[in-house]
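Close look at the chain arrangement
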Amino acid sequence: YVDFPITDVLQMMGRAGRPQFDNEARAVIMVHEPKKNFYRRFIYEPFPVESSLHEQLTDHLNAEVVSGTIKTREEAIDYVTWTYFFRR
């Protein structure tokens, strides 16, 4: 027995209902008893999402400078303001 990655489970659940073809959908998850609370919590409670851009921000900014997307300090600041890192 091997657990599916949670991303695969979410992908399969997303395929359960196709708005252009179906009016309703159901996804059934069958798990061993010890995993039941984990899946229940994962599906019904919000999942925290965090940005990790700060760990590679200099690399991303340097790449944009080299490609010519960013030419000034103001453009660099504008670039960062469009990221999830800035919004959170």
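Residues numbered from 1 in each chain as written. Predicted model: local features only at pLDDT ≥ 70, side-chain atom pairs only at ≥ 80, totals over all residues. Heavy atoms only, no water.

For the protein chain, the helix and strand inventory stands at 5 helices and 0 strands. Each helix and strand of the protein chain, placed in order from N terminus to C terminus, yields the pattern α-α-α-α-α. For the protein chain, whose C-alpha radius of gyration is 20 Å, the value lies well above the compact-globule estimate of 12 Å for 88 residues. When its C-alpha atoms are laid out on the principal axes, the protein chain stretches across 55 × 35 × 25 Å. Counting all 88 residues of the protein chain, 12% fall into the buried class. A separation threshold of at least 6 residues defines the contact pool for the protein chain, and within that pool the share at least 24 residues apart is 41%. Of the roughly 7900 Å² of accessible surface on the protein chain, a fraction of 55% belongs to carbon and sulfur atoms. Side-chain charges of the protein chain comprise 11 positive and 13 negative groups, with the mean position of each set lying 6 Å from the other. (Helix = DSSP H or I, 4+ residues; strand = E, 2+ residues; numbered from the N terminus. Rg over C-alpha atoms; globule rule 2.2 N^0.38 Å. Buried < 20%, exposed > 50% of the residue type's maximum accessible area, 1.4 Å probe, protein only. Contact = heavy atoms within 4.5 Å. Areas by Shrake-Rupley, 256 points an atom, 1.4 Å probe, with all protein chains shown as cover. Lys, Arg positive; Asp, Glu negative; His and termini not counted. Charge placed at Lys NZ, Arg CZ, Asp CG, Glu CD.)

The next subject is the packing of helix α3 (residues 57–67) against helix α4 (residues 73–81). Between α3 and α4, the shortest axis-to-axis distance is 11 Å and the interhelical angle comes to 125°. Considering their axes alone, α3 and α4 lie oblique with respect to each other. Pair α3 / α4 crosses with right-handed handedness. On the side of α3, the interface is formed by Leu57, His60, Leu61 and Glu64, while α4 contributes Ala76, Tyr79 and Val80. Partitioning the contact of α3 with α4 into residue classes produces 5 nonpolar, 1 polar and 1 charged. (Axes fitted to C-alpha atoms, helices over the stretch in contact; angles between N-to-C directions. Parallel < 35°, antiparallel > 145°, perpendicular 65-115°, else oblique. Left-handed = near helix turned anticlockwise from the far one by under 90°. Nonpolar A, V, L, I, M, F, W, Y, C, P; charged D, E, K, R; others polar.)

Opposite charge on two side chains allows them to pair when their charged atoms are near. Going through the model one piece at a time under the given rule, you end up with 2 salt bridges. The residue Lys35 makes a salt bridge to Asp3 at a minimum N-O spacing of 3.0 Å. With a gap of 32 residues between them, Lys35 in the loop between α1 (6–14) and α2 (36–44) and Asp3 in the segment before α1 connect regions that are remote in the sequence. Judged by its relative accessible area of 30%, Lys35 is partly exposed. Two residues, Glu33 and Lys36, come together in a salt bridge whose shortest N-O distance is 3.3 Å. (Salt bridge = Lys/Arg side-chain N within 4 Å of Asp/Glu carboxyl O.)

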